[in-house]
Amino acid sequence: MARRNAILPALLAHKSALIDQALSEALRDAEPDEVAGLAEAVLGRDLPDRSVGLILRYHELPTETRHKIIERAEELTTPIRKSATRHGERGALNAMAIIEAAAATRMAYLVTALIRHANPSLRNRAGDCLLGLAARARTRSGGLSPHLNAESTAFLIQAIEQAVVLYANHNHPAILESLVSLMPRPMPEAWAALRQPDHAAVQPLGRLLHQADSEAVRSGLFAMLAVPSLAKSAAEGLQQCAHLGKLETPLALGHLLALPAVRKGLKRAPNASVLWPGAKERSEMPAESQRHLPAFVRGLPLDPQDRVLRLAGLARARHASTRLATLRRLLVIATREQQADPRATDNANDAIAAFTGDPEVALARTALWHLIRIEYAGLPRILAGLVNSRHPEVRAVAARRLAPLGFEKLWNAWPKLDPPRRLAAGRALIKIDTGFHRQLGTRLSSRDPAIRLRALGVIATLSQGAFFEPALLDLAGSDDPHVVASAILALGSCGTEPARRVIELALDHDDPRIRANAVEALAKNDAATHSDKLLAMARQDSQRPRANAIKALMELQAKEALPTLTHMLTDHRADHRVSALWLIDELGLMQLARQVAEMSLSDEDERVKQRAGHVVQHLIDDLERQIAEHPGTEAA
């Protein structure tokens, strides 16, 4: 060794092919402790590509030296090729290790040749090498960007295509997995071979697609749907993905569903219903997968109404891109000229209506203008809600469109609107319709009791009593107790002395409905001056005025209010217990939750038990919402 170390500097000083050859031969025969020094010497020469020995001893080199070889793999093409083809198992293994580590796809053809080798260990290592290179080229490799550029990937594809075409010569499954993982890159030779049902690769590839047990295979399922001989297997693979909750992987390449051949293959799915992911799986999908769900629905062999139903389930998806794609698909269905099932069009419009409340203003505005254009039947109700939209643009459109619809539309929709929408729509219409009070007054003077009652309800809800005080005072003396009760309630927004006197007199009326509404009207004015009267009613009266009196005392924060309510909750009369439960639900009285829960289990009246169960659930929902909004609440 000492002699060799003395000669080496003298040899390195000369540039000669003979010296390069000598160094290579020395590397092949060197002792283990001499290998590193000789390798560095070879790498320092101008033409290291003459050294096969460098590749043959690669596995014994220090990490730093191996990194240098990997970095210069393109310069070492000749010795790598010779090592792979002429120097047995060790030369082939080292060559493949360098090709994979360096992603030297120009030499991928060498790996393809080795996969046909008789030695099983070499064949399997070649398969692993191709899979590793394919993973470097995939667009979704563990969420990382691809390591191979387009030119390098083209060399790899060429090598894999050749191996697929000649599959009968080796029958190695790694080639098939590499092929699928590189989808949807164009591979015309492989496609042409696989279109032949009797090609050697078709059956094993079909089994691979059917099992779909690796991410690489799952990512290529949509692309393989376009191959007629493999479409059924690819569809079965998608079914397996759905069963395993892994649909997000193929859906990441869901843009392929725009291709007619892919959609045609998807139609061959044996059971379309099981391919649709559940709500939890859909909600947890990343945006890049979830946004292709509408196109997935389009491709599945579903009837039109089923398709719309699944799209409607995406209207509240957390990703805006998904909601946008869903709305676009629904608009196509709703505006299609020749719709085989008109009910699907109606259902699509109903689903589009849900988008008017979307967090994204563009989606909400698009949905609203579509409904306006088609004169959607439920438009007045929707406009009534949208006058309170979070988006100023949508609020403005709703207000402008609600005005021409006018009082008549609001009047007809009134019974169907919930209290918040009644209030929002009515207030908006008052601002934009100068004839609102005139038309309401006409209804108030109608001889039809039902019309008068609805008018009184509108006045009370919108607190417009001051505009109709003379008529309300007159109706408070009506012979119809329903009219009197509604008039008393409407007078609560007047605030005048005559109105207060009539309300006070109504506190002693024989009809419990009138007394109950008098308490509610009084609560809007000067309930504090009548606390003694309210307390008497809270202790002993019919169930409805009693509950309203307790509610007024609660709002006055009277100390007797809660004990009185607790006493009512244990009243021997079931109707009183039901009214007490209504009040607890109305005010969200969490401190009585335990007592209400016991009533839901043990009360002797079935109606009371059912009502108590509903109240307990509402209280639990309120508590969970408070904890979600204020996480510290739970700890407190």
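Provided above is the structure to which this section pertains.
None of the values given here were measured: they were computed from a predicted structure.

(A) Representation of the overall build of the chain in the model. Broken down by element type, the chain carries 41 helices and 0 strands. Counted over contacts in the chain with a minimum sequence separation of 6, partners at least 24 positions apart contribute 64%. Accessible surface for the chain amounts to roughly 30,600 Å². Of this, 51% is attributable to carbon and sulfur atoms.

(B) Region of interest: the environment of S493. By secondary structure assignment, the location of S493 is in the loop between α32 (481–491) and α33 (497–506). Here S493 is in contact with S463, Q464, G465 and A466, once residues within four sequence places are set aside. Here the side chain of S493 touches G465 through a polar contact of 2.9 Å, landing on its backbone nitrogen. Here the side chain of S493 touches A490 through a polar contact of 3.1 Å, landing on its backbone oxygen.

(C) Representation of unusual backbone geometry. For the peptide bond that leads from M183 to P184, omega is 10°, which places it in the cis range. For P184, the position within the fold is in the loop between α11 (173–181) and α12 (188–194). In this structure, A103 is a non-glycine residue whose phi angle is positive, near 50°. Residue placement: A103 occurs in the loop between α7 (88–102) and α8 (108–114). Located in the positive-phi region is A212, a residue other than glycine, with phi close to 45°.

(D) Just the pattern of salt bridges, in detail. The full count for this structure, using the stated rule, is 20 salt bridges. The partner of E284 in a salt bridge is K280, and the shortest N-O contact between them spans 2.7 Å. Taken together, the residues span about one helical turn, with E284 and K280 both in helix α19 (residues 279–284) at a distance of 4 residues. By relative accessible area, E284 is classed as partly exposed at 48%. The class for K280 is exposed, based on a relative accessible area of 58%. When the shortest N-O distance is used, the salt bridge between R607 and D575 registers 2.4 Å. Placement of R607 in helix α40 (residues 606–629) and of D575 in helix α38 (residues 574–587) is noted, with a sequence separation of 32 residues between them.

(E) Structural detail: the nonpolar core. Formed by 190 residues in total, the largest nonpolar core has its most connected members in L194, L205, M224 and F296. Filtering out sequence-adjacent residues up to four positions away, L194 remains in contact with V164, L179, A201, V202, L205, M224, V227, S229 and L230.

(F) Focus on the packing of aromatic side chains. With the rule as written, the count across this model stands at 4 aromatic pairs. With a centroid separation of 5.9 Å and an interplanar angle of 65°, the aromatic rings of F222 and F296 are classed as edge-to-face. Separated by 74 residues along the polypeptide, F222 in helix α15 (residues 221–224) and F296 in helix α21 (residues 293–299) bring together distant segments of the chain. Using a relative accessible area of 0% as the deciding quantity, one classes F296 as buried. With a centroid separation of 5.4 Å and an interplanar angle of 70°, the aromatic rings of F407 and F436 are classed as edge-to-face. With F407 in helix α27 (residues 392–413) and F436 in helix α29 (residues 436–444), this pair connects stretches of sequence that are 29 residues apart. Relative accessible area serves as the criterion here: at 3%, F407 is assigned to the buried category. Here F436 falls in the buried class, since its relative accessible area comes to 0%. Grouping aromatic residues by their ring pairs yields a cluster made of F222, W276 and F296. If you follow R66 out to its NZ or CZ, it ends over the ring of Y58, 5.9 Å from the centre. One cation-aromatic arrangement involves R443 over W411; the distance from NZ or CZ to the ring centre is 5.4 Å.

(G) The arrangement of α11 in detail. Burial analysis of α11 places 7 of its 9 residues in the buried class, the great majority of the element. Summarising the contacts, the buried residues of α11 are in contact with α9 (120–137), α10 (150–165), α12, α13 (202–211), α14 (215–219) and α15.

(H) Structural view of helix α6 (residues 77–86). Burial in α6 covers these residues: P79, I80, S83 and A84. One side of α6 holds all its buried residues, which, seen down the axis, span an arc of 130°. Opposite the packed face of α6, turned more than 90 degrees from it, sit the exposed residues T85 and R86. Contact partners of the buried residues in α6: α4 (52–56), α7 and α8.

(I) Main features of the side chain of R329. Summarising the element assignment, R329 is placed in helix α23 (residues 320–335). There is no salt bridge for the buried R329, and the closest opposite charge comes from D303, which lies 15 Å off by N-O distance. Every residue in contact with R329, bar those within four places of it in the chain, is listed here: P294, R298 and L311.

The rules behind the values
Residues numbered from 1 in each chain as written. Predicted model: local features only at pLDDT ≥ 70, side-chain atom pairs only at ≥ 80, totals over all residues. Heavy atoms only, no water. Helix = DSSP H or I, 4+ residues; strand = E, 2+ residues; numbered from the N terminus. Contact = heavy atoms within 4.5 Å. Areas by Shrake-Rupley, 256 points an atom, 1.4 Å probe, with all protein chains shown as cover. Polar contact = N/O pair within 3.5 Å; in protein donor to acceptor, adjacent residues only side chain to side chain. Salt bridge = Lys/Arg side-chain N within 4 Å of Asp/Glu carboxyl O. Buried < 20%, exposed > 50% of the residue type's maximum accessible area, 1.4 Å probe, protein only. Core = buried A, V, L, I, M, F, W, Y, C linked by side-chain atoms within 4.5 Å. Phe/Tyr/Trp six-rings, centres within 6.5 Å; stacked < 30°, edge-to-face > 60°. Lys NZ or Arg CZ within 6 Å of the ring centre and 35° of its normal. Arc of directions from axis to C-beta. Lys, Arg positive; Asp, Glu negative; His and termini not counted.

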